[in-house]
Amino acid sequence: MDISQNEAILNPEQHKYGDIHALPHSPDLSIYIPMIGINYCAPTYKNIREKADITVLGFVINGHGEIQVNSEKHRLGRGDVFILRKDSRHEVTALSDSSEPWTYYWYNLHGNSLPLLETFHLLHTSYIPDAGIGHLFLKGLDAAKHRAEGTDLQSFSILTCTEIMMALQQAIKQAADYYSPVMSRMKLFLDQLVGETFRSEEFALHMGLSFRQLNRIFKQHTGITIYQYVLTRKMDIAKMMLQDTEMPVGDIAFHLGYDDPQYFSNLFKQKAGMSPTAYRKLNERSAD
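Parameters and conventions
Residues numbered from 1 in each chain as written. Predicted model: local features only at pLDDT ≥ 70, side-chain atom pairs only at ≥ 80, totals over all residues. Heavy atoms only, no water. Pairing = 2+ DSSP bridges. Helix = DSSP H or I, 4+ residues; strand = E, 2+ residues; numbered from the N terminus. Axes fitted to C-alpha atoms, helices over the stretch in contact; angles between N-to-C directions. 1 Å grid on protein atoms, 1.4 Å probe; cavity = no way out; pocket = protein on both sides within 12 Å on 5 of 7 lines; lining within 4 Å. Points joined across faces, edges and corners; volume = space filled by probe spheres on them. Nonpolar A, V, L, I, M, F, W, Y, C, P; charged D, E, K, R; others polar. Core = buried A, V, L, I, M, F, W, Y, C linked by side-chain atoms within 4.5 Å. Buried < 20%, exposed > 50% of the residue type's maximum accessible area, 1.4 Å probe, protein only. Salt bridge = Lys/Arg side-chain N within 4 Å of Asp/Glu carboxyl O. Disulfide = S-S within 2.5 Å.

1. Observations concerning the sheet that holds strand β10 (residues 90–94)
Now for step 1: The strand order β5-β10-β7-β8 describes an open sheet built from four strands, whose pairing is antiparallel. In this open sheet, the two strands that pair with only one neighbour each are β5 (46–49) and β8 (72–76). Pairs of neighbouring strands in the sheet enclose a mean axial angle of 10°, with direction left out of account.
Now for step 2: In this sheet, β8 lies alongside strand β7 (residues 65–69) in antiparallel orientation, the contact comprising five bridges. Its bridge partner being in β8, G65 is matched across the sheet by L76.

2. Re empty space enclosed by the protein
Now for step 1: Evaluated as defined, the whole model comprises three cavities of 30 Å³ or more.
Now for step 2: The volume enclosed by the largest cavity comes to roughly 50 Å³.
Now for step 3: Considering the residues around the largest cavity, the lining is formed by H121, L123, H124, T125, K187, D191, Y229 and R233.
Now for step 4: Broken down by secondary-structure element, the contributors of at least two residues to the lining of the largest cavity are α4 (181–191) and α7 (226–244).
Now for step 5: In terms of residue class, the lining of the largest cavity is built from two nonpolar, three polar and three charged.
Now for step 6: Here the second largest cavity is characterised by a volume of approximately 40 Å³.
Now for step 7: Lining the second largest cavity we find L190, L193, V194, Y229, V230, R233 and K234.
Now for step 8: When residues in the lining of the second largest cavity are grouped by element, the largest group, four residues, is from α7.

3. Description of the nonpolar core
Now for step 1: Core analysis: the largest hydrophobic core is formed by 48 residues, its most contacted members being L57, I133, F137, L168 and F264.
Now for step 2: With seven residues, α7 is the largest single contributor of residues to this core.
Now for step 3: Membership of the second largest hydrophobic core comes to 16 residues, among which are V69, L76, V92 and W102.

4. With respect to the pattern of salt bridges
Now for step 1: For the structure on display, the rule yields nine salt bridges.
Now for step 2: Of the charged contacts, one joins R89 and E50 as a salt bridge, the two residues approaching to 3.1 Å between their closest N and O atoms. Here R89, found in the loop between β9 (81–84) and β10, pairs with E50, found in the loop between β5 and β6 (55–62); they are 39 residues apart in sequence, far enough to count as distant.
Now for step 3: Take E50: its relative accessible area is 55%, and that puts it in the exposed class.
Now for step 4: K139 serves as the salt-bridge partner of E163, at 2.8 Å between the closest nitrogen and oxygen. Linking E163 in helix α3 (residues 153–179) with K139 in helix α2 (residues 134–146), this pair joins segments that are 24 residues apart in sequence.
Now for step 5: Relative accessible area serves as the criterion here: at 33%, K139 is assigned to the partly exposed category.

5. Description of the pairing of strand β4 (residues 31–41)
Now for step 1: Burial of β4 is extensive: nine of the eleven residues sit out of reach of the surface.
Now for step 2: Where strand β2 (residues 16–17) meets β4, two bridges bridge the pair, whose relative direction is antiparallel. Following the sheet pairing, Y17 is matched in β4 by Y40.
Now for step 3: The pairing of strand β3 (residues 20–22) with β4 spans three bridges and is antiparallel. Looking across to β4, one finds that H21 is bridged to I36.
Now for step 4: Where β4 and strand β11 (residues 102–111) come together, nine bridges link them in antiparallel fashion. Paired with N39 across the strands is Y104, a residue of β11.

6. Regarding the state of the cysteines
Now for step 1: Counted under the stated rule, the structure contains zero disulfides.
Now for step 2: Free of any disulfide, C41 has its nearest neighbouring cysteine sulfur in C161, separated by 20 Å.
Now for step 3: Looking at C41, the relative accessible area reads 1%, which means it is buried.
Now for step 4: Using a relative accessible area of 1% as the deciding quantity, one classes C161 as buried.

So, in structure tokens, the structure goes:
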């Protein structure tokens with residue numbers, strides 16, 4: 001299925017138009033891309049997913065918009081990339097103060113996309129400014145549009161998506177190294193902390209700055225606090241372990257640095273809206 005429109009001017013009642021390309025896929029694939037496309041958004045455009053069952057990769061071509069993933073919010077412009085990860089609340093909004101329609105390429109990823117994001121250290125990244133990789137998004141879109149004979153579009157699109165993630169990982173590393181060596185060191189330390197209890201005093205001592213200073217730098221770069229980052233990372237890994245392993249909840253808690261399984265369960269329920277056991281059962285049913 002291809003849906004294409006070529007209007008020169010957006011009708012505010014339309015909210016958006018653009019090319020949408022549906023890709024053939026096998027239902028037994030653990031991860032696949034069912035659709036890719038381009039959106040031309042009216043100032044009235046808003047899209048909300050309360051608990052998304054997909055991950056979305058997007059590249060901004062023109063205009064300005066705003067994305068929100070759970071509590072993290074960013075304003076985006078030309079050249080920026082956004083990642084709306086599965087199992088989170090997504091909100092995408094066109095900004096009416098933009099002089100041109102907010103336009104962006106997008107890939108929808110279905111299936112077990114979170115481990116793929118984790119592989120490239122993108123699981124907790126929602127916004128990459130001035131990424132300069134529009135050509136990679138366009139490559140997948142062009143392949144879907146022209147459908148060259150003998151091309152496995154699904155495999156090609158997954159490879160292109162992987163190439164995009166590799167480029168984003170490199171862009172984040174270069175930006176961190178250029179803008180803030182402190183930020184780079186913080187991320188390195190925190191990403192290795194999954195199985196341990198986070199202690200702000202030890203972290204500040206290791207970094208050689210006050211925790212207040214570190215928290216301010218971290219929030220400037222990511223939009224969230226250090227504690228929110230650590231907690232979100234632990235909860236997302238807990239979700240993956242509940243879905244992909246049969247490890248008892250108490251063992252998962254211990255693996256993530258929580259000595260008290262009940263405390264972990266209460267924390268998980270507070271963040272996920274259900275207990276670890278209920279989350280596991282729900283996802284077992286979804287996989288059937």
